[in-house]
Amino acid sequence: MNWGMLLALFGAGLAVTMNCFASSKGVGMVAEAASPVIAEDSSKFGKLLVLMLLPGSQGLYGLVISIITLTQIGILSGDPIPSTSAGVVRGALFLIACLPMAFGGLASALLQARVALTGVQLISKRPQDSGKAVTSASLVELYALLSLVTSLLMVVSINGTMSKLAG
Amino acid sequence: MGASITKYAYAVSGAHVYEKNFFRKSDMDKLLAAPSYEAVVAILQERGWTMPEDTRDSGKILDLELSRAWAWVQLSAPDPSIFRVLILRNDFHNLKAGIKCLLSDFDVDAQFCKPASIDPSVMKEAIENHAFNQLPAPFAELGQEVYDLLVRTGDGQMADILIDRKCLDEITKEAAASGVDLLKEEMEIYTATCNIKTAFRAIKTGKDGAFLEKALSTGNKTISREKLIACAGAEKKMDELYAYLATTSYSSGTKYLSSSPAEFEKWVDDQMLSLLLPTKYSPLGPEPLIGFYLGKEAEIRNIRIILAAKQNNLPLDVVAGRLRRLYE
């Protein structure tokens, strides 16, 4: 059993699954809340669409981390992590590197959806304030981006660091 | 974010959209200033209210509108059963009205309250056929008991006590079972103030503690049933009652009890409504739907007062003083 590869794949899967779960729940909730508003006044659809899309970005970030991890562990290039004790450590490091995106994305997508929900109600009552609603929901995006950057830096630097340590 | 409250996204958003059409204070002023009953009905019609064939029947207009709001709650809520407690008193009223009308040959249809969880036609059929077992618990057993009591003794007051107490007990039980804090708090105020009114009237009419033992409901946290009963047994009953109420959270409203029961009712309604106001901005959960329905009830209550005033040519200043706080 190649434990190193298993751990790394688990990390890549976690990053994409947790983010896609949270994003789909978030987008679904905001879209559900938007539908009575659109039914009342379909001209608000454009303003509401931005709010509906915002919690979806975490799913994409998770996918990015997952693809880069798969590239780094050699599953796409055909040069996988070796089944050695050093390989297990490398795999574990990739798993750890995926965690900030997995959990940061999960939490931020769900909380962003909640802010977007209040934004839907704001647009329903005061369509002229749609900019404020979008800005408020975008503030939560910052923390998804921080998670993305952290995971990205960790994932791309593991192979180089391990080589230097081995050398 | 709890999993269950996220199911309310559609319902809450829809309720907030619906609420935009609620009457505000300025709209109530317009209704008050309308020259006649017909003018008020015309304004209601302009606001999209569905009208019955006979617009002279204000009860039907209001029942239709409240039933529409209730239908929305039932249609959109992920778990409609927890909201049943909001209309439970209508079912008990319908049971009481149905049995009394049957025994006194009055037209029962005009007495039924809507919305109700038991279809009034089902209630009517069960009562007319004396087939109370067609009704769900606790109405089957209670209906039979009250019917037998009225046939045997004709004691209308005891029949009222049995039904009203069971109603309050069930409301407390269902509110607790709902697990929704707002519902528990709202129903606590409702049932506790009903007990206060019962105790006040009983003491005023010289009833003793044994009467209150039968009449007062159980399960209140903000008022002590035992202390209310003890007041009826005291030497200076009314003074004891006021002294006790002054120690409760209802102390600021009890000053209205002696001057005007209608003022006390208004105070209770306003207290209940003020608890709802924070839910106006909640994006999820059952609370905004509770606020929506009780807010609609407050609006209907005010319009009922205005329509009655227009039909009876009552002075505007008296009517304005009776209007309740709105969900705005």
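These lines cover the structure that appears in this document, whether it is placed above or below. (Residues numbered from 1 in each chain as written. Chains lettered and ligands numbered in written order. Predicted model: local features only at pLDDT ≥ 70, side-chain atom pairs only at ≥ 80, totals over all residues. Heavy atoms only, no water.)

1. Brief notes about the overall build of chain B
For step 1, the next point in the chain: Within chain B, the regular secondary structure consists of 16 helices and zero strands.
For step 2, the next point in the chain: Rg of the C-alpha trace for chain B: 20 Å, near the compact-globule value of 20 Å for 328 residues, within the 12% margin.
For step 3, the next point in the chain: Counting only C-alpha atoms and orienting by the principal axes, one finds that chain B spans roughly 55 × 55 × 50 Å.
For step 4, the next point in the chain: Relative to its full complement of 328 residues, chain B shows a buried share of 52%.
For step 5, the next point in the chain: For chain B, contacts bridging at least 24 residues in sequence account for 66% of all contacts bridging at least 6.
For step 6, the next point in the chain: Here chain B has roughly 14,800 Å² of accessible surface; of this, 52% comes from carbon and sulfur atoms.
For step 7, the next point in the chain: Between the centroid of the 40 positive side chains of chain B and the centroid of its 46 negative side chains there is a distance of 4 Å. (Helix = DSSP H or I, 4+ residues; strand = E, 2+ residues; numbered from the N terminus. Rg over C-alpha atoms; globule rule 2.2 N^0.38 Å. Buried < 20%, exposed > 50% of the residue type's maximum accessible area, 1.4 Å probe, protein only. Contact = heavy atoms within 4.5 Å. Areas by Shrake-Rupley, 256 points an atom, 1.4 Å probe, with all protein chains shown as cover. Lys, Arg positive; Asp, Glu negative; His and termini not counted. Charge placed at Lys NZ, Arg CZ, Asp CG, Glu CD.)

2. So, the overall build of chain A
For step 1, the next point in the chain: Looking only at helices and strands, one finds five helices and zero strands in chain A.
For step 2, the next point in the chain: Helices (α) and strands (β) of chain A occur, in sequence order from the N terminus, as α-α-α-α-α.
For step 3, the next point in the chain: Against the globule reference of 15 Å for 167 residues, chain A gives a C-alpha radius of gyration of 19 Å, more extended than a compact globule.
For step 4, the next point in the chain: C-alpha extents for chain A along the principal axes are approximately 65 × 25 × 20 Å.
For step 5, the next point in the chain: Going through the 167 residues of chain A one by one, you find that 44% of them count as buried.
For step 6, the next point in the chain: Across chain A, the fraction of contacts at a sequence separation of at least 24, relative to all contacts at a separation of at least 6, is 84%.
For step 7, the next point in the chain: Taking the average location of the 9 positive side-chain charges in chain A and that of its 6 negative ones, the two points are 7 Å from each other.

3. Focus: the nonpolar core
For step 1, the next point in the chain: Core analysis: the largest hydrophobic core is formed by 106 residues, its most contacted members being Leu44(B), Trp49(B), Phe83(B), Leu86(B), Leu95(B), Ile290(B) and Ile303(B).
For step 2, the next point in the chain: In terms of residue count, the dominant contributor to this core is helix 9 (residues 181-204) of chain B (12 residues).
For step 3, the next point in the chain: Here Leu44(B) is in contact with Phe23(B), Leu31(B), Trp49(B), Met51(B), Ile61(B), Ile303(B) and Leu307(B), once residues within four sequence places are set aside.
For step 4, the next point in the chain: Counting residues in each nonpolar core, the second largest holds 19 residues, with Met29(A), Ile123(A), Ala137(A) and Leu284(B) among its members. (Core = buried A, V, L, I, M, F, W, Y, C linked by side-chain atoms within 4.5 Å.)

4. Description of the interface of chain A and chain B
For step 1, the next point in the chain: Counting residues at the interface gives 18 residues for chain A and 17 residues for chain B.
For step 2, the next point in the chain: Considering only the surface of chain A that becomes buried against chain B, Arg114(A), Gln121(A) and Lys125(A) emerge as the three largest contributors, covering 37% of it.
For step 3, the next point in the chain: Joining chain A to chain B, the criterion identifies one salt bridge.
For step 4, the next point in the chain: At the boundary of chain A and chain B, one finds three residue pairs in polar contact (both at pLDDT 80 or more).
For step 5, the next point in the chain: Elements supplying a minimum of two residues to the side of chain A that touches chain B: helix 1 (3-40) and helix 4 (85-125) of chain A.
For step 6, the next point in the chain: Sorting elements by how many residues they give to the side of chain A that touches chain B places helix 1 of chain A first, with nine residues. (Buried area = accessible area lost by both parts, 1.4 Å probe. Salt bridge = Lys/Arg side-chain N within 4 Å of Asp/Glu carboxyl O. Polar contact = N/O pair within 3.5 Å; in protein donor to acceptor, adjacent residues only side chain to side chain.)

5. Things to note about helix 5 (residues 130-166) of chain A
For step 1, the next point in the chain: In this model helix 5 of chain A runs 55 Å from its N-terminal to its C-terminal C-alpha over 37 residues, within 8% of the 54 Å that 1.5 Å per residue would give.
For step 2, the next point in the chain: Along helix 5 of chain A, the sharpest kink reaches roughly 40°, centred on Ile158(A). (Expected span 1.5 Å × (residues − 1). Bend = angle between axes of the 7 residues up to and from the residue.)

6. Observations concerning the packing of aromatic side chains
All names here are of chain B.
For step 1, the next point in the chain: In total, this model carries nine aromatic pairs over all chains according to the counting rule given.
For step 2, the next point in the chain: Centre to centre, the rings of Tyr 10 and Trp 72 are 5.9 Å apart; their planes meet at 50°, and the pair counts as tilted. One end of the pair, Tyr 10, is in helix 1 (residues 9-19); the other, Trp 72, is in helix 4 (residues 58-76), and 62 residues separate them in sequence.
For step 3, the next point in the chain: On the numbers, 5.9 Å between centres and 90° between planes, the contact of Phe 23 with Trp 49 is edge-to-face. A residue pair is termed long-range when its members are at least 10 positions apart, and Phe 23 in the loop between helix 1 and helix 2 (25-33) and Trp 49 in the loop between helix 3 (37-46) and helix 4 qualify at 26 residues.
For step 4, the next point in the chain: When its relative accessible area of 2% is taken as the criterion, Phe 23 is described as buried.
For step 5, the next point in the chain: Directly above the aromatic system of Phe 23 lies the positively charged group of Arg 47, at a separation of 4.3 Å from the ring centroid. (Phe/Tyr/Trp six-rings, centres within 6.5 Å; stacked < 30°, edge-to-face > 60°. Lys NZ or Arg CZ within 6 Å of the ring centre and 35° of its normal.)

7. Looking at the side chain of Lys310(B)
All names here are of chain B.
For step 1, the next point in the chain: Positionally, Lys 310 belongs in helix 15 (residues 287-312).
For step 2, the next point in the chain: Of the side chains with opposite charge, Glu 38 lies nearest to the buried Lys 310, which makes no salt bridge, at 10 Å.
For step 3, the next point in the chain: Dropping the residues within four chain positions of it, Lys 310 is found in contact with Leu 31, Leu 32, Ala 33, Ala 34, Ser 36, Tyr 37, Val 40 and Leu 316.

8. Considering the pattern of salt bridges
Residues and elements named next belong to chain B.
For step 1, the next point in the chain: In the structure shown here, the tally under the stated rule is 27 salt bridges over all chains.
For step 2, the next point in the chain: Across the salt bridge formed by Lys 173 and Glu 170, the nearest N and O atoms sit 3.2 Å from each other. One end of the pair is Lys 173 and the other is Glu 170, both in helix 8 (residues 156-178) and three residues apart, which spans about a single turn.
For step 3, the next point in the chain: A salt bridge links Asp 181 to Lys 184, with the shortest nitrogen-to-oxygen separation between them at 3.7 Å. Residue Asp 181 and its partner Lys 184 are located together in helix 9, separated by three residues, close to a single helical turn.
For step 4, the next point in the chain: Overlapping salt bridges, with partners in common, bring together Arg 89, Asp 269, Glu 297, Arg 301 and Arg 324 in one network.

9. Topic: a nonpolar patch on the surface
All names here are of chain A.
For step 1, the next point in the chain: A contiguous nonpolar surface patch, about 540 Å² in accessible area, is contributed by Leu 9, Leu 60, Leu 63, Ile 67, Ile 75 and Leu 76.
For step 2, the next point in the chain: No other element matches helix 3 (residues 57-72), which puts three residues into the nonpolar patch.
For step 3, the next point in the chain: Inspection of the secondary structure puts Leu 9 in helix 1. (Patch = residues over 30% accessible without salt bridge, like charges linked within 9 Å, V, L, I, M, F, W, Y side chains within 5 Å.)

10. Describing the environment of Leu276(B)
Residue and element names in this part refer to chain B.
For step 1, the next point in the chain: Considering the arrangement of structural elements, one finds Leu 276 in helix 14 (residues 261-276).
For step 2, the next point in the chain: Residue class for Leu 276 comes out buried when judged on its relative accessible area of 1%.
For step 3, the next point in the chain: Placed 72 residues apart in sequence, Leu 276 and Lys 204 show a C-alpha to C-alpha distance of 33 Å.
For step 4, the next point in the chain: Excluding anything up to four places from it in sequence, Leu 276 contacts Leu 182, Glu 186, Ile 290, Gly 291, Leu 294, Gly 295 and Tyr 327.

11. Points about helix 2 of chain B
Residues and elements named next belong to chain B.
For step 1, the next point in the chain: Taken together, the buried positions of helix 2 are Asp 27, Met 28, Leu 31 and Leu 32. Seen from one end, helix 2 has its buried residues packed into an arc of 145°, which puts them on one side. Across helix 2 from its buried face, at more than 90 degrees, point the exposed residues Lys 30 and Ala 33.
For step 2, the next point in the chain: Packing partners of the buried residues in helix 2 comprise helix 3, helix 15 and helix 16 (316-322). (Arc of directions from axis to C-beta.)

12. Things to note about the packing of helix 2 (residues 45-53) of chain A against helix 5 of chain A
Pairs of packed helices are described in terms of their axes, by the angle between the two and the distance that separates them.
Residues and elements named next belong to chain A.
For step 1, the next point in the chain: It is the contact of helix 2 with helix 5, at a shortest axis distance of 10 Å, that shows an interaxial angle of 5°. Classed by the angle they form, the pair helix 2 and helix 5 counts as roughly parallel. When helix 2 is examined against helix 5, the residues Lys 47, Val 50 and Leu 51 are found in contact with a partner set consisting of Ser 130, Ala 133, Val 134 and Ala 137.
For step 2, the next point in the chain: Broken down by class, the residue content of the contact of helix 2 with helix 5 amounts to five nonpolar, one polar and one charged. (Axes fitted to C-alpha atoms, helices over the stretch in contact; angles between N-to-C directions. Parallel < 35°, antiparallel > 145°, perpendicular 65-115°, else oblique. Nonpolar A, V, L, I, M, F, W, Y, C, P; charged D, E, K, R; others polar.)

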